[in-house]
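Structural overview for review
The primary structure of each chain is shown beneath.
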Amino acid sequence: MTDTPRTDAIDRLIEKHGPATICEALMPMMTAERIARIDAVLAARLGSVVTAVEDTYDPHNAAATLRTTESLGLQELHVIEARLRFSAAHAVTKGAHSWLDLTRWPTAEAAIEALRHRGFRVYATAPEAKGLPAKTIEDVDVSTPLALVFGNEHDGVSDQAIAASDGAITVPMFGFTESFNLSVTVGMAMSRIATRRRAYLGATGDLDPDRRARLRARWFALKIRGVIGVLERRLG
Ligand SMILES: C[S@@+](CC[C@H](N)C(=O)[O-])C[C@H]1O[C@@H](n2cnc3c(N)ncnc32)[C@H](O)[C@@H]1O
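Residues numbered from 1 in each chain as written. Predicted model: local features only at pLDDT ≥ 70, side-chain atom pairs only at ≥ 80, totals over all residues.

Let's talk about the overall build of the protein chain
- Summing up its helical and strand segments, the protein chain has ten helices and seven strands in all.
- Over its C-alpha atoms the protein chain spans a radius of gyration of 19 Å, differing by no more than 12% from the 18 Å that the globule rule assigns to 236 residues.
- Expressed along its principal axes, the backbone C-alpha trace of the protein chain runs to roughly 60 × 35 × 30 Å.
- Counting every position in the protein chain, which comprises 236 residues, the buried fraction comes to 38%.
- Partitioning the intrachain contacts of the protein chain with sequence separation of at least 6 by distance along the chain shows that 87% fall at a separation of at least 24. (Helix = DSSP H or I, 4+ residues; strand = E, 2+ residues; numbered from the N terminus. Rg over C-alpha atoms; globule rule 2.2 N^0.38 Å. Buried ≥ 20, exposed ≤ 12 C-beta atoms within 10 Å, placed from the backbone. Contact = placed C-beta atoms within 7 Å.)

Listed below in structure tokens is the structure:
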């Protein structure tokens, strides 16, 4: 699983040589289709909508959250591990974890404070039955970067996360059941917020050129067997 800030060998090489040099060195080893696919995904990557989960218990929910976040074209998943370590079932992630920036946090406060410092508005998600005054995924303001925090399968979002957030968001429910499954909520809420944010931006992707270039170099490298050796031989 890829953690952020990443300090793995690929990132160290990108730091040392610059992303353009890495891409140039690896390009002869890649098909035109592969490069086009990476560029298309990069162009649609959204950095200003972030998924955060707190104390996820079930590895299948963890994996589905990861896979859904990546599939929606979101770049960041933040995991708060105040009580439980985030552990994803690899049979479900289908490799989605390699393309994401995953950041682990020891407390909800630390995660939320860091996101707010970067200009994100942060909302705890909770079913209406929880009794919090909440906006819905349809009426929350999407004119700023947004992070949504999803709670534990049994206890929901913690009091600490609620207190540190800018408010609560709910996904409307109309049946007898009082809450959705965690990963189902991630799918519904993040899909809707990403769609609304993209419509607001008038663009599918929003990564700045520097982040896009680094990610491009990383994604080039991820698909090449023995890439560290290849780069060290070519670039020294
Ligand atoms: C199975 S629910 C937890 C239910 C728990 N009894 C509670 O009080 O929240 C797991 C997580 O899914 C999200 N969730 C479930 N239904 C939701 C809804 N209708 N609106 C917003 N979030 C919801 C919340 O993040 C919740 O913490």
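Resuming the write-up.
Things to note about the nonpolar core
- Ranked by size, the top nonpolar core spans 47 residues in total, and within it Ala52, Ala147, Leu148, Val149 and Ile193 carry the most contacts.
- Ranked by residues supplied to this core, first place goes to helix 8 (residues 182–201) with six residues.
- Grouped together as the second largest cluster of nonpolar side chains are twelve residues, Ile14, Leu215, Trp219 and Phe220 included. (Core = buried A, V, L, I, M, F, W, Y, C linked by C-beta atoms within 7 Å.)

What about the site of the ligand?
- Around the ligand, the structure places 17 residues, and the nearest of them are Thr125, Pro127, Gly151, Gly156 and Val171.
- Of the residues assigned to the shell around the ligand, the class counts are eight nonpolar, seven polar and two charged. (Near = placed C-beta within 6 Å. Nonpolar A, V, L, I, M, F, W, Y, C, P; charged D, E, K, R; others polar.)

Concerning the domain arrangement of the protein chain
- Segmentation of the protein chain into domains returns domain 1 (1–45 + 208–236) and domain 2 (46–206).
- Distance from the C-alpha centre of domain 1 to the C-alpha centre of domain 2: 27 Å.
- Across the boundary between the two partners, domain 1 contributes eleven residues, which contact 14 residues of domain 2.
- Among the elements that make up the side of domain 1 that touches domain 2, the one with the highest residue count is helix 9 (residues 209–222) (three residues). (Domains from an automatic or database assignment.)

Things to note about the environment of Phe180
- Relative to the elements of secondary structure, Phe180 occurs in the loop between strand 7 (167–170) and helix 8.
- Taking the C-alpha atoms as reference, Phe180 lies 7.8 Å from Pro127; in sequence the two are 53 residues apart.
- Once residues lying within four places of it in the same chain are set aside, the contact partners of Phe180 are Val171 and Thr185.

A closer look at the pairing of strand 2 (residues 76–80)
- For strand 2, a buried count of five out of five residues is recorded, marking the element as mostly surrounded by other parts of the structure.
- Both faces of strand 2 are covered, namely the face carrying Glu76, His78 and Ile80 and the face carrying Leu77 and Val79.
- Sheet topology places strand 1 (residues 49–54) next to strand 2; four bridges connect them, and they run parallel. What sits directly across from Val53, in strand 2, is Val79.
- For the crossover that starts at strand 1, traverses helix 4 (residues 59–71) and ends in the parallel strand 2, the hand is right-handed.
- In this structure, strand 2 lies alongside strand 3 (residues 101–105), joined through five bridges in parallel fashion. When the sheet's bridge partners are listed, Ile80 is paired in strand 3 with Trp105. (Pairing = 2+ DSSP bridges. Right-handed = clockwise from strand over helix to strand, strands pointing away.)

Remarks on the sheet that holds strand 6 (residues 146–150)
- Strands sit in the order 3-2-1-6-4-7-5 across an open sheet of seven strands; the sheet is parallel. Both edges of this open sheet fall to strand 3 and strand 5 (134–136), since each of them pairs with a single strand only. Strand-to-strand twist in this sheet, taken as the mean axis angle between neighbours without regard to direction, amounts to 30°.
- Taken together, the three bridges between strand 5 and strand 7 define a ladder with parallel strand orientation. Residue pairing for strand 7: Ala134 is matched across the bridge by Ala168. (Axes fitted to C-alpha atoms, helices over the stretch in contact; angles between N-to-C directions.)

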